[in-house]
Amino acid sequence: MTPTSSTLTGKTPVSDVSATSQTKAQIAARLQSEHLDAEAAKAKIARSALILVLLATCALAMKGLLAKFVYETGMTVDGLLLLRFLIAMPFFWVGVWMFGKNRPGERGIRPADMIWGAAYGGLFFAASLCDFTAVSIIDVTVSRIVLFSFPAIVMILEALHRWRFPPLRQIFCFLITYCGLILVVAPNGVTLVSDHMWQGVFWSFASALTYACYLYFSQRKINVIGSMHFSALINTVAGASMVIYELIVEKPLHLNMSGILWTAGISIFCTVIPFFLLFEGIRRIGATQASLISLSGPALTFFAAWLFLGETLSPTQLAGFAVVMVGVASLKNKMTMAGLGRLLARLFQGPAA
């Protein structure tokens, strides 16, 4: 075969150069397509997680509202709590049996776990008792806003536990949060607040305090046995605590069919199902982003209470509500509500072009 001039001069034929360029272009196009597919998959997961967390937040926001309907039937706080724990308890264990046995980070409960479970379950029981007592006394909206301040209490607990002074930013956010609470509770001045309101606020703040203690001190145990096993254990202990409490105080329950049905709705649709939805949402997008989305809970409660119960807030209380939201958002995630808006907008966007 006679060598070509390009071969003799050591140059690559034009046809080979074109083929090589075409191959590189195909590889680049395939890589770009795979990148776009990966971005589209991430956006799809983010959108589905957003829906799950929003659904869980909506369901949890309805808990206080449905409790008002239970009280209207004549059932007492003790009757509601007793049934709620007893109805929810087996569903949590069914969830552990179906989804939690082979899930990473989950392990079976050991005898030593029961000791800590008794302590944390007692705190959870106390938080629930104070919470539902507050809802029976004051408006759902006001009680939710006071309860929503628990991250500020977590900040104080962390400072005390670690023996260090909180950062100035956290102190500033703490002061903002409780200035907003003053506007919500006492829009016309502290001296004009009724004893009825102070009583309800006391129970709601007690719920925030015990709930903050429960959340802060239970994190390590959650990481050890997993959130699904931990939730089942805590609800079981809380149910047992409620039975013991009722045997001691012997308060009337006033059980009736309408109240039982409403309570079953709270147990299943506002307790068990939201937990599984929230757990799956956190698995997909992480706890930080999920907690940002859950900031919409008080606003959802406020809207539902206005729609179904006719509850309203004065302009001063609305301003306090906004201040509390901003303060808590900054405490929990070092972000403002503007950051929350940017996060939600990003989740709805598609992959980058």
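Residues numbered from 1 in each chain as written. Predicted model: local features only at pLDDT ≥ 70, side-chain atom pairs only at ≥ 80, totals over all residues. Heavy atoms only, no water.

Observations regarding the overall build of the chain
Part 1 of the reasoning: On a plain count of helices and strands, the chain comes out with 15 helices and zero strands.
Part 2 of the reasoning: Residue burial in the chain is summarised as follows: out of 353 residues, 44% are buried.
Part 3 of the reasoning: Long-range contacts, defined as pairs at least 24 residues apart, comprise 87% of the intrachain contacts of the chain with a sequence gap of at least 6.
Part 4 of the reasoning: Accessible surface, the chain: about 18600 Å² in total, of which carbon and sulfur atoms supply 69%. (Helix = DSSP H or I, 4+ residues; strand = E, 2+ residues; numbered from the N terminus. Buried < 20%, exposed > 50% of the residue type's maximum accessible area, 1.4 Å probe, protein only. Contact = heavy atoms within 4.5 Å. Areas by Shrake-Rupley, 256 points an atom, 1.4 Å probe, with all protein chains shown as cover.)

Points about the packing of helix α7 (residues 150–162) against helix α9 (residues 195–225)
Part 1 of the reasoning: Taken N-terminus to C-terminus, the directions of α7 and α9 make an angle of 50°; their axes are 9 Å apart at the nearest point. In terms of orientation, α7 and α9 fall into the oblique class. The two elements α7 and α9 meet at a crossing, and its hand is right-handed. Each of Phe150, Ile153, Val154, Leu157, Glu158, His161 and Arg162 in α7 lies in contact with α9, whose residues at this interface are Phe205, Ala208, Leu209, Tyr211, Ala212, Cys213, Leu215 and Tyr216.
Part 2 of the reasoning: For the contact of α7 with α9, the residue count by class is 12 nonpolar, one polar and two charged. (Axes fitted to C-alpha atoms, helices over the stretch in contact; angles between N-to-C directions. Parallel < 35°, antiparallel > 145°, perpendicular 65-115°, else oblique. Left-handed = near helix turned anticlockwise from the far one by under 90°. Nonpolar A, V, L, I, M, F, W, Y, C, P; charged D, E, K, R; others polar.)

Some points on the confidence of the model for the chain
Part 1 of the reasoning: Chain-level pLDDT for the chain is 81 on average; 80% of the residues reach the 70-or-more range.
Part 2 of the reasoning: When pLDDT is averaged over each helix and strand of the chain, the minimum, 45, is found for helix α15 (residues 337–348) and the maximum, 94, for helix α3 (residues 63–72).
Part 3 of the reasoning: Every residue in residues 335–353 is under pLDDT 50, and counting partners more than four places away or in other chains gives 30 contacts. (pLDDT = per-residue confidence, 0-100.)

What to know about the packing of α9 against helix α10 (residues 227–249)
Part 1 of the reasoning: Between α9 and α10, the least distance of the axes is 8 Å, while the angle of their chain directions is 125°. As judged from the angle between their axes, α9 and α10 are oblique. In the crossing of α9 with α10, the sense of the turn from one axis to the other is right-handed. Contacts from Tyr214, Ser218, Lys221, Ile222 and Ile225 in α9 reach Ser227, His229, Phe230, Leu233 and Ile234 in α10.

Concerning unusual backbone geometry
Part 1 of the reasoning: One non-glycine residue, Trp163, lies in the positive phi region at around 55°.
Part 2 of the reasoning: You can see Trp163 is positioned in the loop between α7 and α8 (168–185).
Part 3 of the reasoning: For Glu250, which is not glycine, the phi dihedral falls at a positive 55°.
Part 4 of the reasoning: With respect to the helices and strands, the residue Glu250 is situated in the loop between α10 and α11 (257–285).

Focus on the side chain of His229
Part 1 of the reasoning: Along the chain, His229 turns up in helix α10.
Part 2 of the reasoning: In contact with His229, other than residues within four places in its own chain, are Val96, Gly100, Glu106, Arg107, Gly108 and Ile109.

What about α8?
Every α-helix carries 3.6 residues per turn, so stepping three or four residues along brings you back to the same face.
Part 1 of the reasoning: In this model, α8 (18 residues) spans 26 Å end to end at C-alpha, consistent with the 26 Å of a helix rising 1.5 Å per residue.
Part 2 of the reasoning: Residues of α8 that are buried: Gln170, Cys173, Thr177, Tyr178, Gly180, Leu181, Val184 and Val185. Down the axis of α8, the sector holding all buried residues measures 150°, keeping them to one side. Across α8 from its buried face, at more than 90 degrees, point the exposed residues Leu168 and Phe172. (Expected span 1.5 Å × (residues − 1). Arc of directions from axis to C-beta.)

Here we look at the layout of surface pockets
Part 1 of the reasoning: A volume near 230 Å³ is recorded for the second largest pocket.
Part 2 of the reasoning: Forming the boundary of the second largest pocket are Trp116, Tyr120, His161, Tyr216, Phe217, Gln219, Arg220, Lys221 and Val224.
Part 3 of the reasoning: Counting residues per element, the ones that place at least two in the lining of the second largest pocket are α5 (111–137) and α9.
Part 4 of the reasoning: It is α9 that contributes the most residues to the lining of the second largest pocket, six residues altogether.
Part 5 of the reasoning: Classifying every residue of the lining of the second largest pocket gives five nonpolar, two polar and two charged. (1 Å grid on protein atoms, 1.4 Å probe; cavity = no way out; pocket = protein on both sides within 12 Å on 5 of 7 lines; lining within 4 Å. Points joined across faces, edges and corners; volume = space filled by probe spheres on them.)

Remarks on the packing of aromatic side chains
Part 1 of the reasoning: Applying the stated criterion across every chain, the model contains 17 aromatic pairs.
Part 2 of the reasoning: Between Phe85 and Phe124 the ring centres are 6.3 Å apart and the planes differ by 65°, which places this aromatic pair in the edge-to-face class. In this pair, Phe85 sits in helix α4 (residues 77–100) while Phe124 sits in helix α5, placing the two residues 39 residues apart along the sequence. In terms of burial, Phe85 and Phe124 fall into one category: buried. (Phe/Tyr/Trp six-rings, centres within 6.5 Å; stacked < 30°, edge-to-face > 60°.)

Topic: the side chain of Ser231
Part 1 of the reasoning: Looking at where Ser231 falls in the secondary structure, it is placed in helix α10.
Part 2 of the reasoning: If near-sequence neighbours (up to four positions away) are discounted, Ser231 is found in contact with Phe92 and Phe275.

Remarks on α5
Part 1 of the reasoning: An ideal rise of 1.5 Å per residue puts 39 Å on 27 residues; α5 measures up with 39 Å between its terminal C-alpha atoms.
Part 2 of the reasoning: Largest kink in α5: about 30°, centred on Gly117. (Bend = angle between axes of the 7 residues up to and from the residue.)

Overview of the pattern of salt bridges
One side chain can pair with another of opposite charge once the charged atoms of both are near each other.
Part 1 of the reasoning: All chains considered together, the criterion is met by four salt bridges.
Part 2 of the reasoning: With its nearest N and O atoms 2.2 Å apart, the salt bridge here joins Asp131 to Arg144. Of the two residues, Asp131 is situated in helix α5 and Arg144 in helix α6 (residues 140–147); the sequence distance between them amounts to 13 residues. Take Asp131 and Arg144: they sit in the same class, and that class is buried. (Salt bridge = Lys/Arg side-chain N within 4 Å of Asp/Glu carboxyl O.)

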